[in-house]
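Here is how the chains run, residue by residue.
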Amino acid sequence: MSGTGTADRTAEEERGDLRRSLGFRDLVVYGLLFIAPMAPVGVYGTLDAKSHGAVALVYVVATVAMAFTAFSYAQMVRVVPQAGSVFAYARAGLGKEAGFVAGWMAMLDYLLIPAVAYLFSGIAMNALVPEVSRWVWTALAVVVTTLLNLWGVRAAARVGFLVLAMEIVVLLVFVVSAVVVLARDGAERGWLSPLSGDGTQGAFALSAVIGAVSVAVLSYLGFDAIASFAEEVTGGSENVARAVLFCLAMAGVLFVAQTYLVALLDPTTSAQFAADPAKQGSAFYDAVDVSVGTWLHDLVAVSKAIGAAFAALAGQAAAGRLLFAMGRDRRLPRALARTDSGVPRVALLCAATITLVAAVWAASRDDGMDHLVSVVDIGALTAFTLLHASVVGWFAVRRRGGPVIWWRHVLVPVAGAAITVTVIVEASEAAQVVGVVWLLIGLGVLITQRVLLTQRSR
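Residues numbered from 1 in each chain as written. Predicted model: local features only at pLDDT ≥ 70, side-chain atom pairs only at ≥ 80, totals over all residues. Heavy atoms only, no water.

Points about the confidence of the model for the protein
Confidence in the prediction of the protein, expressed as mean pLDDT, is 83, and 93% of residues score 70 or more. Here helix H1 (residues 2-15) stands out as the element of the protein with the lowest mean pLDDT, 46, in contrast to helix H9 (residues 193-196), whose mean of 93 is the highest. Every residue in residues 1-15 is under pLDDT 50, and counting partners more than four places away or in other chains gives 11 contacts. (pLDDT = per-residue confidence, 0-100. Helix = DSSP H or I, 4+ residues; strand = E, 2+ residues; numbered from the N terminus. Contact = heavy atoms within 4.5 Å.)

Topic: the packing of aromatic side chains
Throughout the structure, instances matching the rule amount to 12 aromatic pairs. Measuring from centroid to centroid gives 6.3 Å for Tyr44 and Phe273, while their planes differ by 80°, and the two rings are edge-to-face. Here Tyr44 is found in helix H3 (residues 44-50), whereas its partner Phe273 is found in helix H12 (residues 270-275), with 229 residues between them in sequence. Judged by relative accessible area, Phe273 falls into the buried class, the value being 2%. Over the aromatic face of Phe161 sits the side chain of Arg25, whose NZ or CZ is 4.2 Å from the ring centroid. Taking NZ or CZ as reference, Arg242 lies 4.2 Å from the ring centre of Phe24, over its face. (Phe/Tyr/Trp six-rings, centres within 6.5 Å; stacked < 30°, edge-to-face > 60°. Buried < 20%, exposed > 50% of the residue type's maximum accessible area, 1.4 Å probe, protein only. Lys NZ or Arg CZ within 6 Å of the ring centre and 35° of its normal.)

Considering the packing of helix H14 (residues 294-328) against helix H15 (residues 345-363)
Two elements in contact, H14 and H15, have axes whose closest approach is 8 Å; the angle formed by their N-to-C orientations is 120°. What the angle tells us is that H14 and H15 run oblique. Here the hand of the crossing between H14 and H15 comes out right-handed. Of the residues in H15, those touching H14 at Gln316, Ala317, Ala319, Gly320, Arg321, Leu323 and Phe324 are Ala347, Leu348, Cys350, Ala351 and Ala352. (Axes fitted to C-alpha atoms, helices over the stretch in contact; angles between N-to-C directions. Parallel < 35°, antiparallel > 145°, perpendicular 65-115°, else oblique. Left-handed = near helix turned anticlockwise from the far one by under 90°.)

With respect to the pattern of salt bridges
Under the defined criterion, the tally for this structure stands at 8 salt bridges. Here the salt bridges do not stand alone but share partners, grouping Asp48, Arg189, Asp198 and Asp266 into one network. (Salt bridge = Lys/Arg side-chain N within 4 Å of Asp/Glu carboxyl O.)

Have a look at this one:
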């Protein structure tokens, strides 16, 4: 009997099967962990300056903008419930070559966003324990979360749930404290200013809000990682679609609420932030420190340090699934598609190694964070654009999803693609250059694969 079980497991590993063990709650945990409930903390000052004080409105608009992408994910995961996310969708809707390009560009995002999160965790822990170098803390965070991912997706989700609960509690403490201070002392800015601007840089300007949205949408990167677990979820792909939409909506509510409150507490105007960019990075912490107290400042900082490491855990898990799917399709080395007890350990270790090298390298440099942040977003936005094209390709061009519903299968994805292309255009020149170079390398790999395949067929 035990011999039969062993044989079955061996066959499963050779086929590259993943184990179905995740429920709806687990998917939401992974999505919110990757996004991070307090993601606006680090960019609040920048967005406040760019939007002329209408920082909460920026997140309202950004949530609506990203809803187009979430809707496209929900449509495609229902008809292509496979690991690999956008790689599988573009392959099905646009063809194998487009699928490879989508997966290749998403790889840039999935492998480097965890590196940014690990680095953030290392910097925060170094500030608390300066005797230990930040690169050591960074490497330690990589090792701990990698071991959890190797343990299994279900185990990692359970630990992640505890960390997410902690982050939500800290956020609620901030909300309650802010409400108490506002009720007692009043607001530093006008009560509607987070939605209409504080007036210190002139009248309300829609162009300023749109410019800030191009930065704010980056706070949402990660909700799409849920789709990578489509082959490990119980209850069907409908659970994945629901989780994607739920995570985006929840993130939007949390982001709008916290930026609205901190803007009311902040004695520094958007004009002052614009005039002194050095203040922007610590703006959230400074506002909390002045209005509530240092204790909340420290509590938020510790929460962000731990939360960042576990955001990286979710990102590393998604990266492993992407490498697994591309290996199974023979677009990357076949060894990446091997599983052990339903866990893609080879792909996870490969992703962890690349992320570790990038994170430790960045941690050893003063400008390491700037280098990483400038390049991680282009990959995701390019993949999102191909995702929208996949919806049109699958439903409207190939007509493989039944009757075409034009608003759902054409208008929404075209609008979503227009938004992601606009954000790409607004990105920094350095990020665009890195994106083009990465794309050219991917095209080189694709051409080489086609040449080798042609030679073998002769």
